[in-house]
Structure formats: C-alpha cells, structure tokens
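Analysis of the macromolecular model
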Amino acid sequence: MRLPTLPTWLWIALATLLIVALNTTTIALCGPWDPWETHYGEVARQILVRDDPLDLWWRPGYGPDGNAENTFWSKPALPFWLMALSMAIFGVGTRPAADELVRSPLPELALRLPSLLAGLLCAAFLGYVVWRLLRDESTAASRGPSPAARAGIFTAVVLSTMPQWALVGRQALTDMFFVAPVVVAMGAWALAWSQPDRPLRRRAIGELLRRPAPAEGGGWSGRVRRWTLPWDRAYAVFLVGTIAAAIVPLTVLHMHVISADTVARVAKFTKKPGVPSVDTLRQIHLHFFIYWAAAVAVLLLSLRWARRSQVWMGVLYVAAGVSLIGKGMIGPGIVGLLVLADMLVRGRLDLLRRSGLGTGALLFALASFPWHHAMALYRGERWVNELIIINNLARFGSGEQEQAVGSFTFYVRTLGLAAFPWSGALPAALWGAARQLRGPAALGGRGSPGAEDMPDAPGASSQVRAAALRRLALLWAAVTLALLSYSVTKYYHYLLPVLPPLAVLIGLWLGEPAGARKTSWVAAGVGVGVLGLVLRDVIVEPAWIAHLTTYLYDQMWRSGAPPTDRMAVLALPFALGLLLWAARRGRAAAASMLLSALLLLGWTLNVYLPAASEHWSQRTAMRVYFDNRGPQDPLLSWWFYYRGESFFSKANVWVQKEVDRQELEDFVDTQRGQGRTLWLITTVGHGKRARTTLPGDLRTRIETVYENAHYMLLRVPVP
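Residues numbered from 1 in each chain as written. Predicted model: local features only at pLDDT ≥ 70, side-chain atom pairs only at ≥ 80, totals over all residues. Heavy atoms only, no water.

Focus on the overall build of the protein
Let me state the cut-off plainly: Strands are runs of DSSP state E lasting at least two residues, helices are runs of H or I lasting at least four, and both sets are numbered from the N terminus onward. Radius of gyration: C-alpha atoms only; globule rule: 2.2 Å multiplied by the number of residues to the exponent 0.38. Contacts are assigned to residue pairs that have any heavy atoms within 4.5 Å of one another. Only the protein chains shown count as cover for residues, with accessible areas throughout obtained via the Shrake-Rupley method and a probe of 1.4 Å. In this tally, Asp and Glu contribute negative charge and Lys and Arg positive charge; neither His nor the terminal groups of the chain are included. Taken as the charge location is NZ of Lys, CZ of Arg, CG of Asp or CD of Glu.
Across its full length, the protein holds 28 helices and seven strands. The C-alpha atoms of the protein give 29 Å as radius of gyration, which agrees with the globular expectation for 719 residues (27 Å, within 12%). C-alpha extents for the protein along the principal axes are approximately 110 × 75 × 45 Å. Across the protein, every contact between residues at least 6 apart in sequence was considered, and the portion connecting residues at least 24 apart equals 78%. Within the structure as shown, the protein displays about 29,600 Å² of accessible surface, and the carbon and sulfur contribution to it stands at 62%. Charge separation in the protein, taken as the distance between the mean sites of 70 positive and 47 negative side-chain charges, equals 11 Å.

Put into structure tokens, the structure is as follows:
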C-alpha cells in the first residue's frame, strides 16, 4: 500500500493538526461532569486557595453535612498538581467573583488541558516507538513515508481516535495520568531491548588529569585522561524527564514544608495526637534530604552510563514512579508484570541483570516516594489506610460497589465501544499478528532461531524487530486485560490501559497486505459483525458512551444522552474499508477506515458530548441560579451530594445529604423576614418530593426554574 508521496514530516503535521483540532473544538464548551470532574476540580482549586500542594483537601460547603468531608485521600497528588498548575496559568479558581466558574469556558479548559496533553503526547510517543523500531536505514532518505513511518502515524491516529481514549483525554480524571506513564515505560522497554543497542554519544569536557611519565631520550611525554559526559538525545530525554517528574515536585514540596506561611498555619492546629504540628514539618524537612542524596547519586551514576539501553531503562523507572503518583499501585504493577512476562516469553532473564535495578530503584523512589513519605508523616496511619488499603488493595481484592462487578465479558463487551470503530479491525489485526509471529517473519526469513534473530542483536532486521513489537503488544494487551478482569472492582474506564497495545497491533496491520484470501474474507466478515453488534447496543443504550468515563450506570444516569443512530451511517465507510482490505485494495481500505474513525470522533466530541453535558453537568443549572439570585439568596444542596454544586459555588452551599425536616425548617427560619429566596438544587426525583418536605407555608411558593434529565433547580421565596 502506498500513500501519496508527501514528506513524512508533512504527514505527521497533518495528522497532528487534524487530531488536535477535533479534540479542542468544544473541549471548553462542555460543562464539568458529575461524577468526578467537579470533585477533582475542587480539590485542584483548593490547592491554589490554600496554597498547599501537600495535603489534598475537599469540603462540600456548610450546613448539617457541609463538613461531611474535609480531606481528600483517595487519590495521589499528581493529577491535582497539574490541574492546579493549569488553573493558575489561566488565572481561574481564586478570583473574588462568586460565579467565576460558570461564566467563562476557561475553567473547563484549564481542568482538562493536562489530561488532553497527556493523552495526545502519549499517542505521539507510541507512534514514535513503532516508527523507531521498524525503521530501516535504507529507506530513511526516501521522499514519501516509509513503511515504518506509516505504521507509526497509523498507530498514533488509531489510539487518538478510539472513543474512550479521546473521552478520558477530554475530562479532568486521574486515569490518563497513570496510563500515559505506563505507555512511556513500555515504550522505553521496547526501545531498550527490541532494537540493536549502541554506545551513548559522549563529549570530552577537557583535560582534567595529566600524568607525566619519563620518555626515552630524557624528555617527558604526557598521558592524558579525558573526562566525558553523555551527549546524546536519548540521555537528554531522560534528564529533562527526571527533572520535570522528580526534581521539580521535590523542590516544590520541600519549599512548601519549610515556608514561613506553612509553619505559621500548622502552628495554629489543635495540639493532639494525629494532628500535624511544627515538629511534623521539621521531620519531613529532614527526611527530604534522603531524596536529595538519592538525586545526587542518580545523577552521578547516570553520567557513567555507556549504552543507550541504560538510558531507556532509566526512563522506564521514572515513568513507573510517575504512574504510582498518578493513580496508585496499578501503574507500577502493570509495568512490572509486563516486563517480567516479556522476559519469560523471550527467554531473556539475563535482561534482569542488565536492567540497572540499583539505579532504577533510586529513580523510581525519587519520582514517586517524596509526597507519599511526607503525607505518611503528616497524616499518619489514617491516610495510609485510606489511600493504600481501601482505595488500592481493597478495590482490587474485595470490590467497592455492587454495580462495579462483572465477569471477563464485562471488558470484552466494553472494548467494542471503547475502541470503536477500530474494534471491527481487531479480528483481522490479531489474526495477522499471530500469523506473522508463527511465520518466517518472526525469524527474519530464516528457518531456525539464533543470536542474530534477537531484536537487540547487532544487524537485526526490521522484520525481526517488527515481530518482537507484535509479541510485546499481544502480551501487553493480554496481561493487562487479565489483570483488570481479575480485579473485583470493574468500571468501564478501567479498560483504558488495554487500548495502547491494541492500537500498535492495528497500526502495524494497516500497513500490511492481506494474507490468504479466504482467511481475509472471514476476518473482514467477523469485523463487520463486531461493528453491527456494537452499533446495536449503543443505539439501544445511548448513555453507554457517557458511561465510558463514569461509574454511575443505572437509574437516572441512563437518561439524557442524545440519539446515537447517526453512528451507523458514520461507521459504514469502516465496514467498506474492511471489505476493501479483504479484496486487496489496501490503500483505499486504509483511507476508508481512517475517514470513518475521524468522522466518528468528530461526532462524538463535538455533537454527542456537548449535548450529553447538558444533563451530566450542573453548569447550566448553576448559571440560572447566578443569573436570577438576589445578593443574599442562599443555595441549598438538598437531599443531594454530587460535588458539582460545591465546585461551581466554590463551596458556598448549604448541604443536606439526607432528608431531615427539622434541620431544613431550622435553616428556613434563619432566612425569614429578610426578603430572601431559597434556591434548591437536587435530583429530578427528589425535587418532585420537595413539596412534602418544606414547611407548609412555602409549599405553594415552589417554582421549578431549571430541569434536565438528572438535576432540578427550585426557587422558593421566603416570607
């Protein structure tokens, strides 16, 4: 298959421009969704309000349940640091205006931009890995994109156009901040051991030591020892990444702990066991010097690296550490399992000895431990129990909610929509990968394996490297899916880490000719059948797309999604592409499938999401409140606790999670005789019961001023 002969850089630029445009057109026009986006957004905003990047904090508002929570210990800090940094750059979240978060699209853009950048850069890096491993120097100078470049571009575009990847990348969630580092780690593993290694380029920094020695004839000659430093792009990537991921957070945390403002604030805390004190800050300050010593040790050790594989392994360890502080233990767990599984499958346990475990352990600790260490000292056993035991181990081993369970088929069914329409290409791509691995290509065209058939052996062919990449991608997808299926807690969005290796397999498959004619037609037919099954389900259940990023799937959360029947029309070119591929029309097949994927992505992001957000977000309801309220009118979150009301009001909301008529009547009494109006935000079902709960003289005054499929805003004038 040949694409039009445009330079590779132009293909990359065009693909980048198109994907970025599709993702950014309406990213700020969809209100933050409940659940999660508003919750996480308020945690990030509080970092700025309280000037505290250490102790993550959350509080619903005021009133009987306004202090139901005053900490946020269920997730590590990295996502909230990045959201807070983005909010600070855009200047939102701390202005005095009460309605700041509903008037401008900037809050949504600021909250979602870190996740979007992580997703797009991750896809680009994965495409680079594919290109680099398949690159053949003999075709590097050709004008058009080489097969390696095509495979890399296809891989990046496939991953970027998978609905779940695009949706999670457009929302203020934590998942992308552990999945993207996992992808970087596995890409680094492939770059270290699935291509021929080479020495690092080094540059002398001068003659630092001269040892004179007597020469024949009575003269003197000098033997010069030259000191060199790594002067290599791979090492520069490692160094910049380590500084950004480890040194900068450590510096910020250390400066925060020793700052006069922090000391003054903590000095006011109640003096009792379990409450942080100035002495706690002093302990953290002293313990942080352990990490500064580790940073110096890592720098000195890395300066001695001689091989490129050592650098990429350094990147792996840093990325694994970032995944830990991105969402928890699942990230490093996936990386560790995949590395071990790949070594076992390849019969290369010798790589364990060559992987620099000592330096790697320091890098991993440097990227992930400082915040965890500081919080263990600052909040003690209660914090450790909530983050590690409850929100990591218990979710995996015993489950979290009754609805968050399912069998292996839960994720198989979810994959159909999460990767749509590329799920239709998976049967052919998986069959093609299996065929390549068992055929001559797996051995570079030779009959029996030998040292030259190792992908990291000098002179290894691109066929051998491609076979190694396919094997790693298959293993990556299988191990990750098995691990997620074994976990008791199952949510749709947990499938996200399975998508990158599938994108690699599809990207490689797109650039190859079809195999045996009969088998190709069978694979294409199965793919068309998969498309039909997914379309049937998503048309019957339009909210399924919204569910890809949430955890509430029943009752009212099944309502409010726009119709999805248009997806059937947009998927037709993909079905045609599968048939063209089976008919050996590779160029037309790839164009048809890519067109369909881009059309579906554009519809999902720019039509479906804005329409669905009117029901999944409270932003419009809160705009109505701020447009019509009086200066002293209070907002009540009544029989309700979905987080958006706290975020949009900056926690200036009276909160009652369960019905208590006496508490509500007592609050109403404080508002009487002042010409105020109560504004109640609640669910639609509860809002219809308000007349039976409010004091009798107010029941005829209730007016519904806004209602969508999920939320209701009521106005109640108080005499």
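Looking at unusual backbone geometry
Quick note on the threshold: Throughout, exposure labels follow a simple rule: accessible area from a 1.4 Å probe, protein chains only, divided by the maximum for the residue type, with under 20% read as buried, over 50% as exposed, and the rest as partly exposed.
In this model, Asp-34 is joined to Pro-35 through a cis peptide bond whose omega is -5 degrees. Relative to the helices and strands, Pro-35 resides in the loop between helix H1 (8–24) and helix H2 (37–50). Backbone torsion omega between Phe-420 and Pro-421 reads 0 degrees, so that peptide bond is classified as cis. Among the secondary structure elements, Pro-421 is positioned in the loop between helix H17 (408–418) and helix H18 (426–438). With phi around 80 degrees, Arg-643 is a residue other than glycine that occupies positive phi space. Given the relative accessible area of 17%, Arg-643 is considered buried.

Re the packing of helix H5 (residues 106–134) against helix H8 (residues 176–193)
To keep it simple, the criterion reads: Angles run from 0 to 180 degrees between N-to-C directions of axes, and those axes are lines fitted to C-alpha atoms, restricted for helices to the stretch in contact. Orientation is classified from the angle alone, with under 35 degrees giving roughly parallel, over 145 giving roughly antiparallel, 65 to 115 giving roughly perpendicular, and any other angle giving oblique. The sense of a crossing depends on the near helix, which, turned anticlockwise from the far helix by less than a right angle, makes the crossing left-handed and, turned clockwise, makes it right-handed. Residue type decides the class: Asp, Glu, Lys and Arg count as charged, Ala, Val, Leu, Ile, Met, Phe, Trp, Tyr, Cys and Pro as nonpolar, and the leftover types, Gly among them, as polar.
Between H5 and H8, the least distance of the axes is 9 Å, while the angle of their chain directions is 15 degrees. Taken together, the axes of H5 and H8 lie roughly parallel to each other. Seen from above, H5 lies across H8 with left-handed handedness. Taking contact as the criterion, the partners of Pro-114, Ser-115, Ala-118, Gly-119, Cys-122, Phe-125, Leu-126, Tyr-128, Val-129, Arg-132 and Leu-133 in H5 are, on H8, Met-176, Phe-177, Ala-180, Val-183, Val-184, Gly-187, Ala-188, Ala-190 and Leu-191. Residue classes in the contact of H5 with H8 are distributed as 16 nonpolar, three polar and one charged.

Notes on the nonpolar core
Cut-off, in case you're wondering: Only buried residues count toward a nonpolar core. Its members are Ala, Val, Leu, Ile, Met, Phe, Trp, Tyr and Cys residues joined through side-chain atoms within 4.5 Å.
Core analysis: the biggest nonpolar cluster contains 201 residues, and Met-162, Trp-189, Trp-371, Trp-422 and Trp-509 have the highest contact counts within it. At 15 residues, the largest contribution of residues to this core is made by H8. Not counting chain neighbours up to four residues away, the residues in contact with Trp-371 comprise Pro-53, Leu-54, Leu-56, Lys-75, Pro-76, Ala-77, Trp-81, Leu-253, Ile-325, Trp-383 and Leu-387. The next biggest cluster of nonpolar side chains, apart from the first, holds 17 residues, and it includes Leu-636, Ala-690, Leu-714 and Val-716.

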